[in-house]
Amino acid sequence: MLDTKTRDVIKATIPVLETHGEQITKRFYEMLFDAHPELLNIFNHSNQREGRQQTALANAVYAAAVHIDNLESILPAVKQISHKHRGLGIQPEHYPIVGQFLLRAIKDVLGDAATDEIIQAWADAYGAIASAFIGVEQEMYEEAGQQPGGWTDFRPFVVSRKVRESDVITSFYLTPKDGEAISSYRPGQYLTLKVSVPGQAYTQMRQYSLSDTPGKPYYRISVKREDARENAPAGLVSNYLHNDVQEGDTLLASAPSGDFMLVIDTERPVVFLSGGVGMTPLMSMVSTLLQRRPKHHVTYVHAALHGGVHAFKSTLEGLADEYENTSYYAVYERPSHEDKAYRHFAKEGFVDADWLRSIAPLDAEFYFCGPVSFMKAVYRILKGLGVDDAQIHYEFFGPQGSLA
Ligand code: FAD
Ligand code: HEM
C-alpha cells in the first residue's frame, strides 16, 4: 500500500505526465530496445511504428495512476491487458526492466522538473501497478496450465489443413504435435503465434482469433493476407503464413487467451456485426451460440468490399437456412453484378443507423469486430440509437484504442 504522501505526489504529477505521455513512452521504448534488444522478439514492430502501442501503454499507466487508491476498480482493464501479456509469455522478471526504463524516460523528458521525490513516488506507484499485473498474470498462467489439455508456454502445432476461404483469407487447422489433448476456449478468444520469418532478425508474435467452435481436436485460425499497398509493404507474418507455411509445417502457439467472450446464456437477442477479417471471432461465437441454443434470436451482418473477399459465406448461409430465428445480411461496399444477385445481399455501401434499426432489435447484445474505421462507425451508430454500453462488446485486432 502506498503512503498518503506518495499518492499525493502521484496525483499532483499525473497532469504533467499525461501531457508528455506519448513523448515519454516513445523515449521509453527507444531506451528499452537499445538496452534490451532481445525484447524485440516479443513486441510487435508494426504497432510500435504506428504509435498505437505507445498510446496504449501511456493510457494504461495513467489510468492505473489515477486509480492508485483503488487499483481493484480497474481490474477489468488490467485483465484485458494481462490476457495479451499471458499470451505473449510476459514474466514477472520483465517488470523491473520496464519500470527502470519508464522512470528513466520520465526523467529524460521532464528534466529538472522530475525531482527525486517525484521519481521515487512514481517508482513506488509503478511497483504497485506492476504487482497487480503480475498477480493477475500468475493466476492466468496457472489456469492455462491446469486446464485439461492446457499448457503455459509455446507449444508446437502441425498445420494439418490449409483451406482457402476467400481471395484474401486462408484458414489454418492446427493439431498439437505431441498428439495430446488441447484445452478448450471461449468463443471470441485468440491464439498467439510465435513465428520465425526467414530473413528477420527477431521472432514475430501475432494474435489470431479462433474461428471455429471449441471442442474439436484442432484449433482453426483464419488469416487475411495483408498485401502491399502504396507506402506500405506487405504484412510480414500474414504473407509468410499464406505463401510459405504449408500443410505438415510446425507453428508455435501459446494457449488461448483474450477477454472478448460470448455470453451464451443471455435472454437478449444477439446481433453480430463483422467487417472484413474481423468476422473470425464472430464465426466462432455465432456457430457456438446456435449449436447450444438453436432457437435463439440471432442477426448476423457482414460488411466486406465485395463478395470475392467475403469468407465463410457457405457457413453463414447454412446457419441462416438451418436455424429458424437466425437472419444473415451481406453489405458490400462495391458489389459486382453477381454480388447483387446473392440471396443474402442486403445493402450497397456501408452499415448505417436507419438500415440497422430496420433489421436488428435494439435490445440485443451487440458483438462487433473489424477495421478500426468500421468499429468506430458501428459504435457511433449504436450509441446514436441509444444502445447501452453494457450491451456493446468488441475486439480490436491491435492494441486497444478508443472508439468514442
Ligand atoms: P505487419 O507486418 O505487422 O504489418 C501490419 C500492417 O502495417 C500491414 O498492413 C502493413 O502493410 C503495414 N506496414 C508494415 N510496415 C510498414 C511501414 N514501414 N510503413 C507503413 N506501413 C507498414 N488477423 C487475421 O487475419 N485474422 C484474425 O483472426 C486476427 N485476429 C486477431 C485478434 C487479435 C486479438 C489481434 C490483436 C489481432 C488479430 N489479427 C487477426 C491481426 C494479426 O494479429 C496481425 O496483426 C495481422 O495478421 C497483420 O500481421 P502481419 O505481420 O501480416 O503485418
Ligand atoms: C501490450 C500495458 C508491462 C510487454 C500492452 C498493452 C498495454 C500494456 C496497455 C496493450 C494491450 C492491448 O493490446 O490492448 C502495460 C503496463 C505494464 C506493462 C501498464 C506495467 C505495469 C509490460 C512488460 C512487458 C510488456 C513488463 C514485457 C517486456 C508487452 C507486449 C505487448 C504489451 C509485448 C504487446 C505489444 C503489441 O502487440 O504491440 N501492455 N504493460 N508489458 N505489453 Fe505491456
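What counts and what doesn't
Residues numbered from 1 in each chain as written. Chains lettered and ligands numbered in written order. Predicted model: local features only at pLDDT ≥ 70, side-chain atom pairs only at ≥ 80, totals over all residues. Heavy atoms only, no water. Domains from an automatic or database assignment. Near = heavy atom within 4 Å. Polar contact = N/O pair within 3.5 Å; in protein donor to acceptor, adjacent residues only side chain to side chain. Helix = DSSP H or I, 4+ residues; strand = E, 2+ residues; numbered from the N terminus. Pairing = 2+ DSSP bridges. Axes fitted to C-alpha atoms, helices over the stretch in contact; angles between N-to-C directions. Contact = heavy atoms within 4.5 Å. Phe/Tyr/Trp six-rings, centres within 6.5 Å; stacked < 30°, edge-to-face > 60°. Lys NZ or Arg CZ within 6 Å of the ring centre and 35° of its normal. UniProt positions renumbered as here; feature names shortened; annotations may be inferred. Buried < 20%, exposed > 50% of the residue type's maximum accessible area, 1.4 Å probe, protein only.

(A) Spotlight on the domain arrangement of the protein chain. Each domain of the protein chain was delimited in the assignment, giving domain 1 (4–146), domain 2 (155–257) and domain 3 (270–395). Here the C-alpha centre of domain 3 lies 36 Å away from the C-alpha centre of domain 1.

(B) Quick peek at the site of ligand 2. Inspection of the region around ligand 2 gives 23 residues, with N47, Q80, K84, H85 and Q400 positioned closest. The side chain of H85 places a nitrogen or oxygen atom 2.9 Å from a nitrogen atom of ligand 2. At 2.7 Å from an oxygen atom of ligand 2 is found a main-chain nitrogen or oxygen belonging to Q400. At the level of elements, α4 (52–66), α5 (75–88), α6 (94–110) and α7 (116–146) are the ones that each hand at least two residues to the shell around ligand 2.

(C) Quick peek at the sheet that holds strand β3 (residues 190–195). Spatial ordering of the open sheet is given by β4-β3-β6-β1-β2-β5, a layout of 6 strands whose pairing is antiparallel. Only two strands of the sheet have a single partner each, and these edge strands are β4 (204–209) and β5 (219–224). Direction aside, the axes of adjacent strands within the sheet are offset by 40° on average. Sheet strands touched by α5: β3, β4 and β6 (250–257). Its angle to β6, the strand with the most contacts, is close to 150°.

(D) A look at the packing of aromatic side chains. In total, this model carries 20 aromatic pairs according to the counting rule given. A network of ring pairs unites the aromatic residues F28, Y29, F33 and F43 as a single cluster. Against the face of Y342 rests K313, its NZ or CZ located 4.7 Å from the ring centre.

(E) Broad picture of the UniProt feature "binding site: heme b" (unreviewed entry) in the protein chain. The UniProt feature table records "binding site: heme b" (unreviewed entry) at H85. In this fold, H85 is placed in helix α5. On the basis of relative accessibility, which here comes to 21%, the residue H85 falls in the partly exposed class. Setting aside chain neighbours within four positions, we find H85 in contact with I90, Y95, F133, E137 and Y141.

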